[in-house]
Amino acid sequence: MKLVIDHADLAAAVGYAARTLPSRPPAPVLAGLLLDATDGERLRVRAFDYEVSTDTTVSATVTKPGRALVPGRLLADITATLRGDVHLDLDGTRLTLRAGSARFTLPLLPLEEYPALPEPGTTTGTLSAPAFAEAVAQVACAVSREEALPVLTGVSLRHDHEAGTLTLSATDRYRYAVRTVPWKDAALPDTGAVIPGRALLDAVKAVADDATVDLALPAGSNGLFALRGEQHTTTIRALDGELPKYASLFPTEFAHTATVEIAALKAAVQRVALVSPKKDGPVRLTFAGDGTLVLESGSGDDAQALDAVDTALDGDGLTISFNPAFLLDGLSALTAESVDFGFTSATKPAVLRGHGSDDHALRYLLMPIRQTD
């Protein structure tokens, strides 16, 4: 293999593929990146860890086609520092990289031991890439970080053929985020899958600037989800199981509603949460009929804080407490300037939505924290 490639293109391709490299590979060859320069005008870079595969192509001037399996993280570190044209030359069991005065010689991993990468499967629908990336980022804030229940670490993707929509949802049992996007040209019946949240978020970030993205939801028993952008393709093994049903959890009628400017509320929550002796110490929100929302944190002999912002309240006054980190996650995920709170009572979950948003927009269900005086 012998080729010349722009340093920025090489660094971007290697960096994208290297993100899926396992920190503790189940087999030594899975620590490698597969470089494939066999079509004459492009370099293909791939990675695989039996759960997630990445595949990207970039333009290159190939004078001698070939394939090589190279230590991935080392290659990513090196390519991030290079400038100008990069010359790659494979000679026997060594790969040489040259750029300007810099020269690196890397050992190769046994190519014959590398497993076959999974085939992405047939595209089942196409979406706006920016819209899909935004939707994934919005619901991913509610993905669980605990591995005890693996299915809760995923994002559910469910297609409704009759409605022509794809609904994304995630929960960690303390909050539930739901977002719907139109998907009218999807060529499949009602179906769904739970995709590992961290891998899905990484995959959509790579294609967020593309015009469109092709999705392939798992079909039958193969359990493989695929996402294709203009240059990047990612496959992800779906998780077993389903998320809890959310339809009955979201109330449709509220005894109290309030609208608050998001930027002002986020700043106030961040300030009063500073005095909490615990990271998840509650912040108490008191919605008053005079158009004031009072935020408090801390109690007893501990440090205490109080702040206030304006609100428009419909209904009687209400005092409710939330985990500040979870509240901030929901506020940050909304794309509107103001948030609408919907409450049934101080002890029941609240619903957060962007003010003036439609039925497809993010809905964020947040459990309150019970406090004893």
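Residues numbered from 1 in each chain as written. Predicted model: local features only at pLDDT ≥ 70, side-chain atom pairs only at ≥ 80, totals over all residues. Heavy atoms only, no water.

Here we look at the sheet that holds strand E17 (residues 232–237)
Read from one edge to the other, the open sheet built from eight strands follows the order E6-E2-E3-E4-E17-E16-E15-E10, with strand pairing classed as antiparallel. With one partner strand each, in any of the chains shown, strand E6 (66–71) and strand E10 (125–128) form the two edges of the open sheet. Strand-to-strand twist of the sheet, defined as the mean angle between neighbouring strand axes without regard to direction, takes the value 20 degrees. Direction of pairing for strand E15 (residues 212–216) relative to strand E16 (residues 224–228): antiparallel, over a ladder of three bridges. For Leu-215, the partnering residue across the bridge sits in E16 and is Leu-227. Helix H2 (residues 72–79) contacts strand E2 (32–37) and E6 of the sheet and is inclined by roughly 95 degrees relative to E6. (Pairing = 2+ DSSP bridges. Helix = DSSP H or I, 4+ residues; strand = E, 2+ residues; numbered from the N terminus. Axes fitted to C-alpha atoms, helices over the stretch in contact; angles between N-to-C directions. Contact = heavy atoms within 4.5 Å.)

Observations regarding unusual backbone geometry
With a phi close to 80 degrees, Tyr-50 is a non-glycine residue in the positive phi region. Secondary-structure assignment places Tyr-50 in the loop between strand E3 (42–48) and strand E4 (52–59). We note that Arg-173 has phi near 85 degrees; this positive angle belongs to a residue other than glycine. Looking at the secondary structure, you find Arg-173 in the loop between strand E12 (165–171) and strand E13 (175–182).

Here we look at the pattern of salt bridges
Under the definition given, this model contains 11 salt bridges. For Glu-146, the salt bridge identified is with Arg-173, shortest N-O distance 3.8 Å. Of this pair, Glu-146 sits in the loop between helix H3 (129–140) and strand E11 (154–160) while Arg-173 is found in the loop between E12 and E13, placing the two residues 27 residues apart along the sequence. One salt bridge connects Glu-296 with Arg-284, and the closest N-O pair in it is separated by 3.7 Å. Taken together, the residues span a long stretch of sequence, with Glu-296 in strand E20 (residues 292–297) and Arg-284 in strand E19 (residues 283–287) at a distance of 12 residues. One network of salt bridges, in which partners are shared, links Asp-36, Arg-46 and Arg-67. (Salt bridge = Lys/Arg side-chain N within 4 Å of Asp/Glu carboxyl O.)

Let's talk about the packing of helix H1 (residues 7–18) against H2
Each packed pair of helices is defined by two parameters, the angle between the axes and the distance between the axes. H2 packs onto H1 with a crossing angle of 145 degrees between their chain directions and a minimal axis gap of 9 Å. H2 is crossed by H1, and the crossing has left-handed handedness. Contacts from Leu-10, Ala-11, Val-14 and Ala-18 in H1 reach Arg-73, Leu-75, Ala-76 and Thr-79 in H2. Taken together, the residues of the contact of H1 with H2 break down into six nonpolar, one polar and one charged. (Left-handed = near helix turned anticlockwise from the far one by under 90°. Nonpolar A, V, L, I, M, F, W, Y, C, P; charged D, E, K, R; others polar.)

Describing the sheet that holds strand E8 (residues 94–99)
The strands that make up a sheet pair up through hydrogen bonds in the backbone, lying either parallel or antiparallel. Read across the open sheet, the five strands follow the order E5-E1-E7-E8-E9; overall the sheet is antiparallel. Looking at the sheet topology across the chains shown, the edges are occupied by strand E5 (61–64) and strand E9 (102–107). Averaged over all adjacent pairs, the angle separating strand axes in this sheet is 15 degrees, with direction ignored. Where strand E7 (residues 85–91) lies against E8, five bridges are found, and the strand directions are antiparallel. Note on E8: the bridge partner recorded for Leu-88 is Leu-97. Across the sheet, H2 touches E8 and E9, and the angle it forms with E9 is around 175 degrees.

Comments concerning the nonpolar core
Ranked by internal contacts, the top residues of the largest apolar core, which has 66 residues, are Phe-132, Leu-168, Leu-265, Leu-295 and Phe-341. The greatest single-element share of this core, amounting to six residues, is contributed by H3. In this structure, Phe-341 is in contact with His-256, Thr-257, Ala-258, Val-260, Leu-265, Phe-287, Leu-327, Val-351 and Leu-352, ignoring residues within four places of it in sequence. Grouped together as the second largest cluster of nonpolar side chains are 31 residues, Ile-5, Val-14, Ala-76 and Ala-99 included. (Core = buried A, V, L, I, M, F, W, Y, C linked by side-chain atoms within 4.5 Å. Buried < 20%, exposed > 50% of the residue type's maximum accessible area, 1.4 Å probe, protein only.)

Section: the pairing of E11
Look at any regular strand and the pattern is simple: side chains alternate between the two faces of the sheet. Across the seven residues of E11, five count as buried, placing the element largely inside the fold. Where E11 meets strand E14 (residues 191–196), six bridges bridge the pair, whose relative direction is antiparallel. Paired with Leu-157 across the strands is Ala-193, a residue of E14. Pairing of E11 with E12 involves five bridges; the strand directions are antiparallel. Paired with Asp-160 across the strands is Thr-165, a residue of E12. Connecting the antiparallel pair E11 and E12 is a turn made up of four residues, with Gly-164 showing a positive phi of about 70 degrees.

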